[in-house]
Amino acid sequence: MQERRGSTTPDRSLYDTPFFRDLPQSTVETALAHVVTRQHPANRVILLENDWGSSVYFILNGWVKIRTYNIDGKEVTLNILGPGELFGEMAPLEEVPRSTDVITLTPTVVANMPATDFVNLVNTEPQAGIRLAKLMARRLRQLNRRLRLRESDSTSRVADILLFLADGQGRQSADGLEIPNLPHRELSSLSGMARETVTRVLGKLERKGIIRRSQDGLCITNLRALESLLL
C-alpha cells in the first residue's frame, strides 16, 4: 500500500477531536484552513528524530508508535497513540528538531496542520493552550507511573500498560473497557519486558477473567481487579 496524498479540505471528524471540540467555530475554521489529510500504510515512518517541526499531526484513524533508541541502540517505544490524539507538537513550540520517531502500526489517516497555524492557535485561544497543557500533564503522569513500576513484578507492569492504553484510547462497551489489541512486541517494548513474559501475563489475566482477547481487540472486563494489581 502506497502513501496517498490527501485533500486540503479538513476531514469533518477533525472538528470533533478532543483538542478542537467546543472551541469557537470561527477559531477552528481559521486554524484548520491549511490542514492536509494523508493516508499512510502500516510500518511507515511519518516523523524522524532530528527533523525540524514543520507540522503538527492529528490522528483521524489508525495507530502510531512514538519510538526512540537507548544507548545500546535498542528500540524503545515511548507511547502509542490512536484516533483523536495528536503528536509532533513539541518541536514547533520549542523551535527545536524532533526528539523521537513516529511510525504507523496500522493503516493510518493523519491530518497535517502547519506548525505556524498550531502555534498561533495556542497563543491566541486560551482554551487551546489549556488543553495542550492538560495533554502534556497527562503524558508526564503516565510516564512517571511507568518509570516507578520499572522495578515491579511483571504482572504489575503489564497491568500498567493496559491501563495506560485504556486511559488514552479506552472505549466503554457493554462488556467492559475496549482497548486496541496491539502486537505483543509493542507491549513488550512499552513495558520493557520480554515478549514471552508479556504473552504469559496476558494469558494469566485472561484466565482470571480480568481481560478478554479477540481478533478485533482486547476488553478489560474487570477494571477494578486490574487496577488492584498496581497496589
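Residues numbered from 1 in each chain as written. Predicted model: local features only at pLDDT ≥ 70, side-chain atom pairs only at ≥ 80, totals over all residues. Heavy atoms only, no water.

Draft legend 1. Expanded view of the pattern of salt bridges. If you walk through the whole model with that rule in mind, you get 10 salt bridges. For Arg138, the salt bridge is made with Glu85, and the minimal N-O distance between the two is 3.4 Å. In this pair, Arg138 sits in helix H4 (residues 126-148) while Glu85 sits in the loop between strand E5 (75-81) and strand E6 (86-87), placing the two residues 53 residues apart along the sequence. Here Glu206 and Arg213 are joined by a salt bridge, their closest N and O atoms 2.9 Å apart. According to the relative accessible area criterion, Glu206 is partly exposed, its value standing at 29%. (Salt bridge = Lys/Arg side-chain N within 4 Å of Asp/Glu carboxyl O. Helix = DSSP H or I, 4+ residues; strand = E, 2+ residues; numbered from the N terminus. Buried < 20%, exposed > 50% of the residue type's maximum accessible area, 1.4 Å probe, protein only.)

Draft legend 2. Molecular detail of the sheet that holds strand E2 (residues 45-47). Ordered in space as E2-E7-E4-E5, the 4 strands form an open sheet in which the pairing is antiparallel. Because the sheet does not close on itself, it has two edges, and the strands there are E2 and E5. Taking the axes of each pair of neighbouring strands and ignoring which way they run, one obtains an average angle of 35° across the sheet. In this sheet, strand E7 (residues 101-104) lies alongside E2 in antiparallel orientation, the contact comprising 2 bridges. Paired with Val45 across the strands is Ile103, a residue of E7. Contacting strand E4 (64-69) and E5, helix H6 (residues 184-191) runs over the sheet at an angle of about 105° to E5. (Pairing = 2+ DSSP bridges. Axes fitted to C-alpha atoms, helices over the stretch in contact; angles between N-to-C directions. Contact = heavy atoms within 4.5 Å.)

Draft legend 3. Structural view of the packing of H4 against helix H5 (residues 154-169). Close contact between H4 and H5 brings their axes to 11 Å; oriented N to C, the two are set at 175°. Classified by the angle their axes make, H4 and H5 are roughly antiparallel. Note on element contacts: H5 touches H4 through Asp160, Ile161, Leu163, Phe164, Asp167 and Gly168, opposite Arg138, Arg141, Gln142, Arg145 and Arg146. (Parallel < 35°, antiparallel > 145°, perpendicular 65-115°, else oblique.)

Draft legend 4. Examining the UniProt feature "domain: HTH crp-type" (unreviewed entry) in the protein more closely. Mapped onto the present numbering, the UniProt feature "domain: HTH crp-type" (unreviewed entry) falls at residues 152-224. Measuring from the first to the last C-alpha atom of residues 152-224 gives 19 Å, for a span that is 53% helix and 15% strand. (UniProt positions renumbered as here; feature names shortened; annotations may be inferred.)

Draft legend 5. Local environment of the UniProt feature "domain: Cyclic nucleotide-binding" (unreviewed entry) in the protein. When the UniProt feature table is mapped to this numbering, "domain: Cyclic nucleotide-binding" (unreviewed entry) covers residues 19-139. For residues 19-139, the helix share is 30%, the strand share is 34%, and the end-to-end C-alpha distance is 15 Å.

Draft legend 6. The arrangement of the packing of aromatic side chains in detail. Evaluated as defined, the whole model comprises 5 aromatic pairs. Ring plane angle 50° and centroid distance 6.0 Å describe the contact between Phe19 and Phe58, whose orientation is recorded as tilted. Here the residue Phe19 occupies a position in the segment before helix H1 (25-31), and Phe58 occupies one in strand E3 (residues 55-61), the gap between them amounting to 39 residues. Residue class for Phe19 comes out buried when judged on its relative accessible area of 4%. (Phe/Tyr/Trp six-rings, centres within 6.5 Å; stacked < 30°, edge-to-face > 60°.)

Draft legend 7. Fine view of the side chain of Glu186. The residue Glu186 is located in helix H6 in this model. Discounting chain neighbours no more than four positions away, the residues touching Glu186 are Lys65, Thr77, Ile80 and Leu105.

Draft legend 8. Quick look at H4. In this model H4 runs 33 Å from its N-terminal to its C-terminal C-alpha over 23 residues, within 8% of the 33 Å that 1.5 Å per residue would give. Buried positions along H4 lie against E5, E6, helix H2 (90-94), helix H3 (115-124), H5 and H6. (Expected span 1.5 Å × (residues − 1).)

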